[in-house]
Amino acid sequence: MAVAVFQRHDLPMVLPANLHALDADALRQLLIAQDRELTWRQTKIDQLTHELSLHKRWRFGVKTERLPAEQAQLFEETVEADLAAMTEELEQLSGKPPAAKGQAKRKPLPPELPRTEIHHEPDSTTCACGCQMKRIGEDVAEKLDYTPGTFSVERHIRGKWACAQCETLVQAPVPAHVIDKGIPTTGLLAQVLVAKYQDHLPLYRQEGIFGRAGLAIPQSTLAQWVGQMGVQLQALVDALKAELLTFPVLHADETPVAMLDPGAGKTHRAYLWSYSIGAHDPVRAVIYDFADSRAGKHAQDFLGDWRGTLVCDDYSGYKALIAKGVTEAGCMAHARRKFFELQAHGQSQIAGEALERIAALYAIEQEARALDAEARQALRQTQAQPLLEDFKTWLLACRAKIPNGSSSAKAIDYTLKRWAALTHYLTDGRVPIDNNWIENQIRPIAIGRKNWLFAGSLRAGKRAAAIMSLIQSARLNGHEPYAYLKDVLTRLPTQPQSRIGELLPHRWRPEST
């Protein structure tokens, strides 16, 4: 399998170590590349600055009383999360620490919460001059942790050691954290993300749950954490997408989601597109991509130059991809559904036999599931191909006896029209018979819609899609999402970019303690 390579523009620009040895032409190319990178960064900074200004106008200008109570609360948390995300991205692009905001000192955590002390001391307390240092004090930073129903506090204690002879002072460094100087532990952050994106609990409801546990964390604070985590985890989602696009067989599907138009105070239909690696592939991964419409350009933008076999339905948005060289594989379950609906409504005498013929094809797939791709293809060609040839002959004969426009005619016409795509799986053992695999991955989104009602903005939709991609991929690989996200958020700040792939759900292993 090819190794996925992708470029991160938000990382600091690094000059080559052999800069002094470069000739004039190499230096010229380096300058061109650096200039291109600076131009990209400045364009992105300008874009984010404008978007930030727009969101602030929404935050303080939109009359939330025009919205139903629950939608108003969801809108508030969305804007807070978006503002935090854009601020985080601007800081990454500019490479500058956030400016001091003159805010009041953070309130101490409640003294009644149980506390665990974690000591950080220098590796050596022997001074370079040979003297033994003495401990002269300590710095303490408290972080809020949470296990379901219970808050606790981690007290990180960093001792100060000094040499009386040469006045050298040493202290263990501040442990890297996904939110610099932030108060939440990675466990609390993982809890908020899993509750919001897997259990579909809006932040205002989480605020109430935390309040019952003894500390009501404001919805606005939770939203800021969510926005920051969305930015931090995006590198991992980008790496997962790059790897997904190295596989020869992919599934695709889409489902509608309402998205708020803050200026109008109402929603319009957006779409969550889903892509996954082939159902017969041992690697399990799914990527959700949020878009403001169902236009085929979104699938084209996501897949880019990928040219493999796409298992999809008959939606016209995929046709441009097929025209550009993507191979189409149809979904037998969609054809079956047409006949099932006929039988359920008692509108056709041929529906029962059609369903029996399709069931025979699925019985073969049950046997083929345990085989490798080559053996699966051989089994299909010897057992399924004769059944399909007979099925087509029977459909044509039935169609000749049925008047145009009838429900039975429509079901048969759909199957015959899609015949080449529906039978493509015969020629490639890596391709499944239907698209049920991706439809099962999109089902949790359909369930969640009932709780979170709508996406508060395009940015919020994309953030949700990214985090849900990691959560669902973790579940597909047998990981508990909370444990996965907690470990990944702990390791991300110190994980080299060259090893980011180790944190992908299908490769992740808990860090040994």
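Quick summary incoming for the structure in this document. Position numbers for residues start from 1 in each chain and track the written sequence from start to end. Where local features are concerned, this predicted model is filtered to residues with pLDDT of at least 70; where side-chain atom pairs are given and counted, the filter is 80 or more; whole-chain, interface and lining totals use all residues. Working from all heavy atoms in the structure, the side-chain values ignore hydrogens and water.

### Side note on the environment of Gln441
- Every helix listed is a DSSP run of H or I at least four residues long, and every strand listed is a run of E at least two residues long, numbered separately from the N terminus. Of note, Gln441 is situated in helix α13 (residues 436-452).
- It is 9.1 Å that separates the C-alpha atoms of Gln441 and Leu476, two residues lying 35 residues apart in sequence.
- We call two residues in contact when some of their heavy atoms are within 4.5 Å. Apart from residues no more than four positions distant in its own chain, Gln441 is found in contact with Val286, Tyr288, Gln472 and Leu476.
- Here a polar contact means two N or O atoms within 3.5 Å. Within protein one must be a hydrogen donor candidate and the other an acceptor candidate, and residues neighboring in sequence count only if both atoms are side-chain atoms. Of note is the side chain of Gln441, whose polar atom sits 2.9 Å from the side chain of Gln472.

### So, the packing of aromatic side chains
- A pair of aromatic rings is counted whenever rings of Phe, Tyr or Trp (Trp by its six-membered ring) have centres within 6.5 Å, and the orientation is called stacked for planes under 30 degrees apart, edge-to-face for over 60 and tilted otherwise. On inspection of all chains with the given rule, the structure shows ten aromatic pairs.
- With a centroid separation of 6.0 Å and 85° between ring planes, the pair formed by Trp273 and Tyr318 is classed as edge-to-face. Taken together, the positions of Trp273 in strand β6 (residues 266-277) and Tyr318 in the loop between β8 (309-311) and α7 (319-323) put the pair 45 residues apart, joining distant regions of the chain.
- A connected cluster of aromatic rings, assembled from ring pairs, spans Tyr146, Phe151 and Phe210.
- Directly above the ring of Tyr414 sits Lys338, whose terminal nitrogen or CZ lies 4.9 Å from the centroid. Should the NZ of a Lys or the CZ of an Arg lie within 6 Å of a ring centre and within 35 degrees of the ring normal, that charge is described as sitting over the ring.

### With respect to unusual backbone geometry
- Phi at Lys181 takes a positive value of approximately 60°, unusual for a residue other than glycine.
- Note that Lys181 resides in the loop between β4 (169-171) and α3 (186-197).
- Here the phi dihedral of His200 falls at roughly 60°; this positive angle occurs in a residue that is not glycine.
- Mapped onto the secondary structure, His200 falls in the loop between α3 and α4 (203-212).

### Remarks on the nonpolar core
- Take the buried residues of types Ala, Val, Leu, Ile, Met, Phe, Trp, Tyr and Cys, join any two whose side-chain atoms come within 4.5 Å, and each joined set is a nonpolar core. Any residue under 20% of the maximum accessible area for its type is buried, any over 50% is exposed, and the rest in between are partly exposed; the area is computed with a 1.4 Å probe on protein chains only. Phe151, Leu188, Leu193, Leu233, Leu310 and Tyr318 are the most contacted members of the largest nonpolar core, which has 81 residues in total.
- Ranked by residue count, the leading element in this core is helix α5 (residues 219-244), at eleven residues.

### Here we look at the pairing of strand β2 (residues 134-147)
- One bridge is not enough; two strands pair if DSSP finds at least two bridges between them. Bridge count between β2 and strand β3 (residues 150-162): 13 bridges; the pairing is antiparallel. Residue Ala141 lies in a different strand from β3, and its bridge partner there is His156.
- Linking β2 to β3, which pair antiparallel, is a turn of two residues; within it Gly149 sits at a positive phi near 90°.

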